[in-house]
Amino acid sequence: MDRVPPGQFVTERFPILTYGEEPRIAPEDWRLELEGLVETPLTLTYQDLLALPQVELTRDFHCVTRWSRLDVAWKGMRVKDLLEEARPKPEAVAALVECYGGYTTNLLLEDLLRDDVLLAHTLFGKPLPPERGGPVRLLVPHLYAWKSAKWVRRILLLDHLELGFWERMGYHWRGDPWKEERFQEGPVPAARIRFQALKKPER
Ligand SMILES: Nc1nc2c(c(=O)[nH]1)N[C@H]1C(S)=C(S)[C@@H](COP(=O)(O)O)O[C@H]1N2
Ligand SMILES: [Mo]
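Given the structure is predicted, the values throughout are model-derived calculations rather than measurements. (Residues numbered from 1 in each chain as written. Chains lettered and ligands numbered in written order. Predicted model: local features only at pLDDT ≥ 70, side-chain atom pairs only at ≥ 80, totals over all residues. Heavy atoms only, no water.)

1. Examining the sheet that holds strand E11 (residues 152-158)
Taken together, the five strands give an open sheet; going across it, the order is E3-E2-E11-E6-E7, and neighbouring strands pair in mixed fashion. Sheet topology places strand E3 (42-45) and strand E7 (104-108) at the edges, where each strand pairs with a single neighbour. Across the sheet, the mean angle separating the axes of adjacent strands is 15° when strand polarity is ignored. As paired elements, strand E6 (residues 94-99) and E11 share six bridges and run antiparallel to each other. Paired with Ala95 across the bridge in E11 is Leu157. (Pairing = 2+ DSSP bridges. Helix = DSSP H or I, 4+ residues; strand = E, 2+ residues; numbered from the N terminus. Axes fitted to C-alpha atoms, helices over the stretch in contact; angles between N-to-C directions.)

Here it is in structure tokens:
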């Protein structure tokens, strides 16, 4: 398979894309809440995060505005490890991710449970800079980069799909770059999403 998804061009640059104001959160003030349809809601500090098993990985980063930056090196911990601690209820199929500053994006639970989906705090060996979403951002490398929410503060598990900021503006409800799921054509197939999301996630 080709390295670069259809309709994308490779750039050496790594543009910063932020809609609206850039929030500034000191690591000691940062909190992540995992709530909604979980058995054990969690609130994590930055220190809590660093105490969890750390994962380093290098992935390509694809923005829906058509640039792709190859080989971005991240470090953080797996969202899956956190979710296992929180224990999603059986009816949880989707998540709304909320950020400091108000940005939101939606994901299927099965997309969050992939091994390379991280809460990232390090980029190219350095603490994640504020403009990149520091202290902590989501990294969802298999979907368009708008899903990689910067300054993440809350992951809310739901039994239905609730659309995030760009998704409500007409971007695709899922955003797979390999299928060029850029814009939502027609209504979001809510019934089908629910059915697909109920499949057992890949482990
Ligand atoms: N909180 C927040 N997260 C966000 C965005 C944003 O505006 N606010 N933009 C998204 C988009 S469209 C892209 S392409 C990537 C860009 O990440 P970068 O600025 O590190 O390149 O962040 C995503 N995460
Ligand atoms: Mo983007």
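Additional details are given in the paragraphs that follow.
2. Quick word on the packing of aromatic side chains
Applying the stated criterion across every chain yields a total of 13 aromatic pairs. Summarising the aromatic geometry, the rings of Trp30 and Tyr46 are spaced 6.5 Å apart at their centres and angled 90° between planes, so their arrangement reads as edge-to-face. Note that Trp30 is positioned in the loop between strand E1 (9-10) and strand E2 (31-36) and Tyr46 in helix H1 (residues 46-51), a separation of 16 residues in sequence. Here Trp30 and Tyr46 have matching classes, each one buried. Aromatic pair Tyr171 and Phe183: ring centres 4.9 Å apart, planes at 40°, arrangement tilted. Pair noted here: Tyr171 is in the loop between helix H4 (165-168) and helix H5 (190-197) and Phe183 is in the loop between H4 and H5, with a separation of 12 residues, a long-range link. (Phe/Tyr/Trp six-rings, centres within 6.5 Å; stacked < 30°, edge-to-face > 60°. Buried < 20%, exposed > 50% of the residue type's maximum accessible area, 1.4 Å probe, protein only.)

3. Thoughts on unusual backbone geometry
Omega for the bond connecting Gly134 with Pro135 falls within 30 degrees of zero, at 10°, which places this linkage in the cis form. Structurally, Pro135 is set in the loop between strand E9 (126-127) and strand E10 (137-139). One non-glycine residue with positive phi stands out, namely Trp151, at about 55°. In this structure, Trp151 sits in the loop between E10 and E11.

4. What about helix H2 (residues 79-86)?
Among the residues of H2, Val79, Lys80, Leu82, Leu83 and Ala86 are the ones counted as buried. Projection of H2 onto a plane perpendicular to its axis shows the buried side chains occupying an angular sector of 160°, all on one side. Phi turns positive one or two residues past the end of H2, at Arg87, with a value near 55°. (Arc of directions from axis to C-beta.)

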